[in-house]
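So the chains spell out like this:
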Amino acid sequence: MQQQNIKASLPVVLGLLTAIGLFAIDMYLPALPEIGEGLHAGSGAVQASLVSFFVAMALSQLVYGPVSDMIGRKKPLYFGLSLFSIGAIGCALSPTIEWLVAFRALQGVGACAGAVICRAIVRDLFTGVAAAQLMSRLLLVFSVSPILAPLAGSAVTLAASWRAIFWVMVLAAALGAVLVTLLLPETRSEEARSQSSFGSALASYGTLLRDPYYLGLVLIASFGMASYMIYVANSSFVLIEHYGLSPSLYSVVFSMNAVSFIGASQMNGRLSRRFGLRRLIRFAVAGFALASTMLFVAFASGFGSLPVLSALLFVAYGFLGMVIPTSAVLALESHGRIAGTASALMGTLQFVTASSVIGVASLFFDGTAMPMVATIAACSLMVLFLAALTLRPAAAAETAEERL
């Protein structure tokens, strides 16, 4: 009975642990303009607090993955949640934008523990369609964050100030620690841990970097994630300052994409059983690229508006909800022995890609939606190209032969 209860609660626990990092991003988005005013900083300096979070998450995962392979999944989770809390407290007390950027980086170091280790836990327990189903159920919890976090951030800002948002993050981390203690079993066996070391981790990274199939799937997810993160980084300035939405209305518009993402991701298990994981990705990638390209064409032709932006992003991110979890499952499927390390490299490449895209796009930011839209379309076309290269029948056959 206890084992059944743990299994039933697993998607909720893993979803909440993974969502803590996204929660730390989405909750303070409506407050970015107010943070700039309060700390006397421009939009570029405020966005640096987002970039520092991404970069810290990207680099730290390279350590969390191998360590979780060596000592188990739970201890690194506790460590990460503790760092996340310390970073949140520092952000709440920051007197200048420089201190905020620094403590956001510390938060990122802590937040990435949940992201990388939860993917490894899924691979510890399941593969194939079963893993895709669990990943989709996990995303159901994970995707609630973009809906609730901006709304909560707006409410907290109105009731108190932007600093109070970070105190709420401290409470979220405390809840995560309680759930790990009560509901999450250790999924990395003693035997598997004894076979892992930093030396084997370095060798494993070499193996992964020489695996074109793994890298192709990871980059598909990476550029898909980058297309979403560029929206995260620019949406508050575009929707609030350019289109004139209130912080509360901004939260509603921003949340629409999460609704689409949730709905589409929950069809992954059923669709993958019927059509197969690879066919599902190819279909979803094509839909994502088509919707994103139509959005760019509309804005380039002078027909761009808030309703057009909202509608086409709703469609595009719905398809993206099928792409990211399915590509992650396929990438990890053949690397169960080094699931933590493989998950870590995946997360690092995702966040390095997202941070790079945000950094380049920020150079062209002019206060309108066009730079953001153009970057999203470019990412979608890159995803389409990578999917065609990685998932073509010949490549799949070559990969299968190499792993026999």
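What counts and what doesn't
Residues numbered from 1 in each chain as written. Predicted model: local features only at pLDDT ≥ 70, side-chain atom pairs only at ≥ 80, totals over all residues. Heavy atoms only, no water. UniProt positions renumbered as here; feature names shortened; annotations may be inferred. Helix = DSSP H or I, 4+ residues; strand = E, 2+ residues; numbered from the N terminus. Contact = heavy atoms within 4.5 Å. Areas by Shrake-Rupley, 256 points an atom, 1.4 Å probe, with all protein chains shown as cover. Patch = residues over 30% accessible without salt bridge, like charges linked within 9 Å, V, L, I, M, F, W, Y side chains within 5 Å. Salt bridge = Lys/Arg side-chain N within 4 Å of Asp/Glu carboxyl O. Phe/Tyr/Trp six-rings, centres within 6.5 Å; stacked < 30°, edge-to-face > 60°. Lys NZ or Arg CZ within 6 Å of the ring centre and 35° of its normal. Buried < 20%, exposed > 50% of the residue type's maximum accessible area, 1.4 Å probe, protein only. Polar contact = N/O pair within 3.5 Å; in protein donor to acceptor, adjacent residues only side chain to side chain. Core = buried A, V, L, I, M, F, W, Y, C linked by side-chain atoms within 4.5 Å. Axes fitted to C-alpha atoms, helices over the stretch in contact; angles between N-to-C directions. Parallel < 35°, antiparallel > 145°, perpendicular 65-115°, else oblique. Left-handed = near helix turned anticlockwise from the far one by under 90°.

Under an unreviewed UniProt entry, the name given to the chain is Bcr/CflA family efflux transporter, and the source organism is Ciceribacter thiooxidans. UniProt lists a comment for the chain under the heading Sequence similarities (unreviewed entry), and it reads "Belongs to the major facilitator superfamily. Bcr/CmlA family."

S.K.: What should I look at first to understand the overall build of the chain in this one?
M.R.: Assigned secondary structure in the chain consists of 18 helices and zero strands. Of the contacts formed within the chain by residues at least 6 apart in sequence, a portion of 86% connects residues at least 24 apart. Just so you have it, the chain exposes about 15800 Å², and 70% of that area is on carbon and sulfur atoms.

S.K.: Would you mind showing me how to read the environment of cysteine 118 here?
M.R.: Position of cysteine 118 among the secondary structure elements: in helix 5 (residues 97–125). Every residue in contact with cysteine 118, bar those within four places of it in the chain, is listed here: Leu14, Leu17, Thr18 and Ala113.

S.K.: What is the right way to read a nonpolar patch on the surface from this model?
M.R.: A surface patch of nonpolar side chains, amounting to about 330 Å² of accessible area, comprises Leu148, Leu151, Leu249 and Val252. Breaking the nonpolar patch down by element, the ones donating at least two residues are helix 7 (144–159) and helix 12 (247–265). Position of leucine 249 relative to the elements: it lies in helix 12.

S.K.: It is not clear to me how the packing of aromatic side chains should be interpreted in this structure. Could you clarify?
M.R.: One pair of aromatic rings is described through two measures. These are the centre distance and the angle between the planes. Summed over the entire model, instances satisfying the criterion amount to six aromatic pairs. Aromatic pair phenylalanine 283 and phenylalanine 319: ring centres 5.8 Å apart, planes at 75 degrees, arrangement edge-to-face. Here the residue phenylalanine 283 occupies a position in helix 14 (residues 277–300), and phenylalanine 319 occupies one in helix 15 (residues 306–333), the gap between them amounting to 36 residues. Through pairs of rings, three or more aromatic residues link up here, namely Tyr28, Trp162 and Phe166. Against the face of tyrosine 28 rests arginine 104, its NZ or CZ located 4.2 Å from the ring centre.

S.K.: Would you mind showing me how to read the pattern of salt bridges here?
M.R.: Any two side chains of opposite charge can pair, given that their charged atoms come close. Tallied over the full model, the rule gives two salt bridges. In this structure, arginine 73 engages aspartate 69 in a salt bridge whose closest nitrogen and oxygen atoms are separated by 2.9 Å. The exposure class of arginine 73 is buried, given its relative accessible area of 0%. Residue aspartate 69 pairs with arginine 188 through a salt bridge whose shortest N-O separation is 3.9 Å. You can see aspartate 69 sitting in helix 3 (residues 43–71) and its partner arginine 188 sitting in the loop between helix 8 (162–183) and helix 9 (190–194), a full 119 residues away along the chain. There is no split in this pair, since aspartate 69 and arginine 188 are both buried. The network of salt bridges with shared partners includes Asp69, Arg73 and Arg188.

S.K.: I keep staring at the side chain of arginine 104 and nothing clicks. Help me out?
M.R.: Here arginine 104 is to be found in helix 5. Look at arginine 104 and you get buried, because its relative accessible area is 0%. Setting aside its immediate chain neighbours within four residues, arginine 104 contacts Ala24, Ile25, Tyr28, Ser49, Leu50, Ser52, Phe53, Cys91, Phe166 and Met169.

S.K.: For this particular structure, what's the right way to read unusual backbone geometry?
M.R.: Trans peptide bonds make up most of the peptide bonds, and negative phi angles are found at most residues other than glycine. Positive phi, normally seen in glycine, also occurs at histidine 40, with a value near 55 degrees. Assignment of secondary structure puts histidine 40 in the loop between helix 2 (32–38) and helix 3. With a relative accessible area of 75%, histidine 40 lands in the exposed category.

S.K.: Looking at this structure, how should I read the side chain of arginine 188?
M.R.: Residue classification places arginine 188 among the buried positions, given a relative accessible area of 5%. Within the structure, the side chain of arginine 188 is placed 3.1 Å from the backbone oxygen of aspartate 69, a separation counted as a polar contact.

S.K.: Hey, could you run me through the nonpolar core in this one?
M.R.: Within soluble globular proteins, side chains that are nonpolar generally end up buried alongside one another. By size, the foremost hydrophobic cluster in this structure holds 123 residues, and its most contacted members are Phe166, Met169, Leu184, Met229, Leu239 and Leu309. Looking at this core element by element, the count peaks at 18 residues for helix 11 (residues 212–242). With near-sequence residues (within four places) excluded, phenylalanine 166 lies in contact with Tyr28, Ala88, Cys91, Ala92, Leu100, Arg104 and Gln107.

S.K.: Explain the packing of helix 5 against helix 8 here, please?
M.R.: Packed helix pairs are specified by the crossing angle of their axes together with the interaxial distance, meaning the distance between the axes. One can describe the packing of helix 5 onto helix 8 by two numbers: an axis separation of 14 Å at closest approach and a directional angle of 20 degrees. By the angle class used here, helix 5 and helix 8 are roughly parallel. In the crossing of helix 5 with helix 8, the sense of the turn from one axis to the other is left-handed. Note on element contacts: helix 8 touches helix 5 through Trp162, Phe166 and Met169, opposite Leu100, Arg104 and Gln107.

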